[in-house]
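These are the residues of each chain, in order.
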Amino acid sequence: MPLSEHEQRMLEQMERALYAEDPKFATALEGSGLRTYTRRRVYQAVAGFLVGIALLMAGMVAKQVWLSVVGFLVMLGCAVLAVTGWRKAPKPGEQPTGGQQASRQGRTKRSMMDRIEQRWQRRRDEQGH
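Since the structure is predicted, the reported quantities are computational estimates derived from the model, not experimental observations.

Participant: Go over a nonpolar patch on the surface with me, naming the residues and quoting the values.
Facilitator: Judged by side-chain polarity, Val65, Val69, Phe72, Leu73, Leu76 and Val80 come together as a nonpolar surface patch covering roughly 560 Å² of accessible area. In this structure, Val80 sits in helix α3 (residues 65–88). Val80 sits in the partly exposed class, given a relative accessible area of 46%.

Participant: Describe the UniProt feature "transmembrane region" (unreviewed entry) in the protein, naming the residues involved and giving the relevant values.
Facilitator: Following the UniProt record, the feature "transmembrane region" (unreviewed entry) maps to residues 42–60 and 66–86 here. Here residues 42–60 is 100% helix and 0% strand, with 27 Å between the C-alpha atoms at its ends.

Participant: Got a sec to walk through the confidence of the model for the protein? Specific residues and values, please.
Facilitator: Residues of the protein with pLDDT of at least 70 account for 71%, and the chain-wide mean is 77. The spread of mean pLDDT over the elements of the protein runs between helix α4 (residues 104–127), the lowest at 74, and α3, the highest at 87. Below pLDDT 50 for its whole length, residues 96–103 participates in nine contacts with residues either more than four positions away or in separate chains.

Participant: Residue-level account of the environment of Met75, with values.
Facilitator: Here Met75 shows up in helix α3. Look at Met75 and you get buried, because its relative accessible area is 13%. Along the sequence, Met75 and Gly48 sit 27 residues apart, while their C-alpha atoms lie 6.9 Å from each other. Once residues lying within four places of it in the same chain are set aside, the contact partners of Met75 are Phe49, Gly52, Ile53 and Leu56.

Cut-offs applied
Residues numbered from 1 in each chain as written. Predicted model: local features only at pLDDT ≥ 70, side-chain atom pairs only at ≥ 80, totals over all residues. Heavy atoms only, no water. Patch = residues over 30% accessible without salt bridge, like charges linked within 9 Å, V, L, I, M, F, W, Y side chains within 5 Å. Areas by Shrake-Rupley, 256 points an atom, 1.4 Å probe, with all protein chains shown as cover. Salt bridge = Lys/Arg side-chain N within 4 Å of Asp/Glu carboxyl O. Helix = DSSP H or I, 4+ residues; strand = E, 2+ residues; numbered from the N terminus. Buried < 20%, exposed > 50% of the residue type's maximum accessible area, 1.4 Å probe, protein only. UniProt positions renumbered as here; feature names shortened; annotations may be inferred. pLDDT = per-residue confidence, 0-100. Contact = heavy atoms within 4.5 Å.

Next up, the structure:
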């Protein structure tokens, strides 16, 4: 449910007041921390992928099939982590809690938020606002 014009103005006013009062805290709330976390996770996954390649090659050189299989599994797991981390990373200037929630948990949270919003709207209507 979109915000009314009055609610949008109030939100913008609160944001301006927050930036004026504590700009460092306000920029920390913008989601750059989440962006840094996901970027670091992707870099770690890439490093793990390279370790997996090294294990795969070492297993081939030492003629140890189990070591090559472990290397391949490490590569596969790190590739999955890198791709999912890259997809979840918010773009610069984007809100970290965007509407793109594809997981079951995201749908559950969204439906819970819809119920809360409906209750709130019903209470406001009952009070005559």
